[in-house]
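# Structural characterization, general
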There are 2 protein chains.
Amino acid sequence: MKVAVNLPIGSYDITIERGLLKKAGAIINLDRRVLIVTDSGVPEEYSKEIAAQCREAFIETVPMGEESKSLSVFEKLCGFMLEHGFTRSDCVVAVGGGVVGDLAGFAAASYMRGIDFYNIPTTVLSQVDSSVGGKTAVNLGKIKNIVGAFYQPKAVLIDPDTLKTLSERHFSNGLAEAVKMSLTFDEELFEIFEKSDSHENIEEIITRSVKTKAAVVEQDEKESGLRKVLNFGHTMGHAIESAEELGVLYHGECVALGMIPMCSPEARERLTAVLKKLNLPTEYRGSAEKLISAAAHDKKFSGKKVTVITVPEIGSFKTEEWSTEELFEHIKEFFA
Amino acid sequence: MKVAVNLPIGSYDITIERGLLKKAGAIINLDRRVLIVTDSGVPEEYSKEIAAQCREAFIETVPMGEESKSLSVFEKLCGFMLEHGFTRSDCVVAVGGGVVGDLAGFAAASYMRGIDFYNIPTTVLSQVDSSVGGKTAVNLGKIKNIVGAFYQPKAVLIDPDTLKTLSERHFSNGLAEAVKMSLTFDEELFEIFEKSDSHENIEEIITRSVKTKAAVVEQDEKESGLRKVLNFGHTMGHAIESAEELGVLYHGECVALGMIPMCSPEARERLTAVLKKLNLPTEYRGSAEKLISAAAHDKKFSGKKVTVITVPEIGSFKTEEWSTEELFEHIKEFFA
């Protein structure tokens, strides 16, 4: 399957195919210097598979986790390219999850003011979500994605076979973003979650999610309007992420919890059933007070109105402006 | 005077006017958080003049010199904005020379993946040259501009009155880039240098240089073709810069020397007369051997062909591919 992403600054394809890693050289010009960025949590055979197809490959393995999304690791990657004589004709390939894609993408965007970037996401979360959209970034301290660039890859290669090495919990964690896409845009995809096995249908799940996200990004590359709908479930999801001890709940799990209060009762019932089927959480175990106190530290909630996405019927959404108080009152009903 | 720069990603104006600093608020929306970046070599009344027109201004003064174009100063600027709650609706204003513009521009390009950037260049060099083109960057170690972005300002404000505080040598240093523009594109501008006083005609010199550079950038935003002509005089100019002790010769002075061998004999005679009039160097005091040895360390000259811009007649140029040997032989005739 190929999904084309057409943007004013150029177009590129997202190719979704089992066994694609082995054929990367047919899509990417690897006859040059190639910096392959991966992390210590990604099976090393994936980056080696790509390296074997390059004329001159350099594999940089950063430590797994958010801490690698820092300006110091970014500087290390740029310094490495400089040291090895990378020119504007050479390229960067990310092999891994969202951390690797964000970090390597920002290095590619900035080195010599931009060299070719290719993304090979190897987790469900990065395949259905972060691989599309051209958002690259690193963190500053604890604040995520504060320094970065909108920089589109030349191509995205998705090989669903790489998901075989993923734990069941990580698999479901990534699916939460696909559930989000289905809730707001694609009832047929939602029915796949309801009626069939996600493992068996993972190619279709990825393809439909990527198509939806590509369509949104095409209409709003720089995140000024429509793209806000991609934040469905994320407003409270982020608050849950900050209220929790780091890593107790994964990102997708927090998004799952964050979506529940934003659905109509009918949609919520079907959503809860799907989340349970996917072993995603449906009940927040912390207190609403703790959650609201965490949210209050977020600048999004400082006094003014908050843009909230709600789902009246599955496959559709509404954008509303709520006051912080309204949002917090609403939340209290759901999280005891 | 207004010069429009029309690029696929959007358009902006360069306004050239005496006393413009005082009227910045009429062009720039300063009714928001504004980070004013300047350096210790720039008279502080310039940044204060802008700050006085802002609703909420923060002045960051970095140390004068190339050392401030580093990822650590870049990180400091981004961290400062984060700490003071800058959002995507706030902006960065550079007040100073090329170092400040490059650094502040990259911070604006990267903070939250891009916020509004305004450039107020206050030196001849930055007014005629680096304020146009959207090149932003910092250095990595001794290698200049290796990490950055193509990021266009929302507006450029040029106030020729700011040049009154510039030393005569810095004034002439900047004019070297304007002489370069005239040699390759604009014989009438060259005649201004020949026939009249540069101080008296500085507004016209800036305007004509900016128009020329804007036209080149419009045709080649990302530096893939035509924009190479802007490197006229820079190939050997950079070699002279590296062969010299740091700071013995200024950038424009090296470019002046670098242009001489690349002109036809007729053009060269007129160029030499203009350079002398402007107190720019016409004779390189180092040895050709030292120069060539410095150039040999530059990757541009590693074995292959070099793209060389020559001026057959004033106001025109040719792009040629020379071998490194040819270039070095040619240089020897000029630099004893």
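Here's a quick rundown of the structure. What you see is a predicted model, and the numbers here were worked out from it, not measured in a lab.

### Quick notes on the overall build of chain A
When helices and strands are tallied, chain A shows 13 helices and eleven strands. Computed over C-alpha atoms, the radius of gyration of chain A comes to 20 Å, within 12% of the 20 Å expected from 2.2 N^0.38 for 336 residues, which places it in the range of a compact globule. Across its three principal directions, the C-alpha atoms of chain A cover 60 × 40 × 35 Å. Relative to all contacts within chain A whose residues are 6 or more apart in sequence, the contacts with residues 24 or more apart total 70%. Carbon and sulfur atoms make up 50% of the accessible area of chain A, which amounts to about 13,800 Å² in all. Distance between charge centres in chain A, computed from 38 positive and 50 negative side chains, equals 3 Å.

### Observations regarding the packing of aromatic side chains
Throughout the structure, instances matching the rule amount to eight aromatic pairs over all chains. Seen from their ring centres, Phe58 of chain B and Phe80 of chain B are 5.7 Å apart, and the 75 degrees between their planes marks the pair as edge-to-face. On the criterion of sequence distance, the pair formed by Phe58 of chain B in strand S4 (residues 56–62) and Phe80 of chain B in helix H3 (residues 71–83) is long-range, its members being 22 residues apart. Considered together, Phe58 of chain B and Phe80 of chain B belong to a single accessibility category, that of buried residues. Ring-pair connections join several aromatic residues into one group, and the members of that group are Phe58, Phe80 and Phe86 of chain A. In this structure, Arg169 of chain A packs its charged tip against the face of Tyr250 of chain A, placed 3.8 Å from the ring centre. Arg113 of chain B extends its terminal NZ or CZ atom over the ring of Phe150 of chain A, reaching a point 5.8 Å from the ring centre.

### Things to note about the interface of chain A and chain B
The partner chain B presents 28 residues to the 28 residues of chain A that form the contact. Carbon and sulfur atoms supply 65% of the area buried between chain A and chain B, which totals about 2,300 Å² over both sides. When residues of chain A are sorted by the area they lose upon contact with chain B, Leu82, Arg113 and Ile146 of chain A head the list and together hold 31% of the total. Linking chain A with chain B are six residue pairs in polar contact (both at pLDDT 80 or more). Those elements that provide at least two residues to the side of chain A that touches chain B are helix H3 (71–83), helix H4 (98–110), strand S7 (135–140) and strand S8 (143–150) of chain A. Top element by residues in the side of chain A that touches chain B is S8 of chain A. It accounts for seven residues. For the side of chain A that touches chain B, the per-class residue count stands at 15 nonpolar, six polar and seven charged.

### Section: the nonpolar core
In this structure, Ile14, Val179, Leu183, Phe193 and Leu291 of chain A are the most contacted members of the largest nonpolar core, which totals 68 residues. Filtering out sequence-adjacent residues up to four positions away, Leu183 of chain A remains in contact with Phe190, Phe232, Met259, Cys263, Leu271, Val311, Glu313, Ile314, Gly315 and Ser316 of chain A. Core analysis: the second largest hydrophobic core is formed by 65 residues, Ile14, Leu163, Ile192 and Ala256 of chain B among them.

### Here we look at the relation of the copies chain A and chain B
Aligned on chain B, chain A shows an RMSD of 0.1 Å; the corresponding rotation is 180 degrees and the shift along the axis is 0.0 Å. Both copies are brought into coincidence by an operation consistent with a two-fold rotation axis. Mapped onto chain B, 100% of the interface residues of chain A again fall at the interface, so both copies present the same surface.

### Side note on helix H9 (residues 234–243) of chain A
Residues and elements named next belong to chain A. The buried count for H9 comes to seven of ten residues, which makes it a mostly enclosed element. All buried positions along H9 are accounted for by His234, Thr235, Met236, Gly237, Ala239, Ile240 and Ala243. On its buried face, H9 is in contact with helix H6 (168–185), helix H10 (251–259), helix H12 (288–296), strand S10 (305–310) and helix H13 (324–334).

### Some points on the packing of helix H6 (residues 168–185) of chain B against helix H8 (residues 202–219) of chain B
A pair of packed helices is captured by two measures, namely the crossing angle of their axes and the spacing between those axes. Residues and elements named next belong to chain B. Put simply, H6 and H8 touch, their axes get as near as 10 Å, and they point 55 degrees apart. As the angle between them shows, H6 and H8 are arranged oblique. Of the two possible hands of crossing, H6 and H8 adopt the one that is left-handed. For the pair H6 and H8, contact is made by Phe171, Leu175, Ala178, Met181 and Phe185 and by Ile202, Ile205, Ser209, Thr212, Lys213 and Val216, respectively. Split by residue class, the contact of H6 with H8 holds eight nonpolar, two polar and one charged.

### Topic: the sheet that holds strand S6 (residues 116–121) of chain B
Residues and elements named next belong to chain B. Read across the open sheet, the seven strands follow the order S1-S2-S9-S6-S5-S3-S4; overall the sheet is mixed. Among the strands making up the open sheet, the edge pair consists of strand S1 (2–7) and S4. Here the strands of the sheet are splayed against their neighbours by 15 degrees on average, with no regard to which way each runs. Taken together, the six bridges between S1 and strand S2 (residues 10–16) define a ladder with antiparallel strand orientation. Bridging from a neighbouring strand, Val3 pairs with Ile14 of S2. Strand contacts of H3: strand S3 (33–39), S4 and strand S5 (91–96), with the helix running at about 165 degrees to S4, the strand carrying the most contacts. Along the sheet, helix H4 (residues 98–110) makes contact with S3, S4, S5 and S6, crossing S5 at roughly 175 degrees.

Thresholds, definitions, all that
- Residues numbered from 1 in each chain as written.
- Chains lettered and ligands numbered in written order.
- Predicted model: local features only at pLDDT ≥ 70, side-chain atom pairs only at ≥ 80, totals over all residues.
- Heavy atoms only, no water.
- Helix = DSSP H or I, 4+ residues; strand = E, 2+ residues; numbered from the N terminus.
- Rg over C-alpha atoms; globule rule 2.2 N^0.38 Å.
- Contact = heavy atoms within 4.5 Å.
- Areas by Shrake-Rupley, 256 points an atom, 1.4 Å probe, with all protein chains shown as cover.
- Lys, Arg positive; Asp, Glu negative; His and termini not counted.
- Charge placed at Lys NZ, Arg CZ, Asp CG, Glu CD.
- Phe/Tyr/Trp six-rings, centres within 6.5 Å; stacked < 30°, edge-to-face > 60°.
- Buried < 20%, exposed > 50% of the residue type's maximum accessible area, 1.4 Å probe, protein only.
- Lys NZ or Arg CZ within 6 Å of the ring centre and 35° of its normal.
- Buried area = accessible area lost by both parts, 1.4 Å probe.
- Polar contact = N/O pair within 3.5 Å; in protein donor to acceptor, adjacent residues only side chain to side chain.
- Nonpolar A, V, L, I, M, F, W, Y, C, P; charged D, E, K, R; others polar.
- Core = buried A, V, L, I, M, F, W, Y, C linked by side-chain atoms within 4.5 Å.
- Least-squares fit on C-alpha atoms with pLDDT ≥ 70 in both.
- Axes fitted to C-alpha atoms, helices over the stretch in contact; angles between N-to-C directions.
- Parallel < 35°, antiparallel > 145°, perpendicular 65-115°, else oblique.
- Left-handed = near helix turned anticlockwise from the far one by under 90°.
- Pairing = 2+ DSSP bridges.

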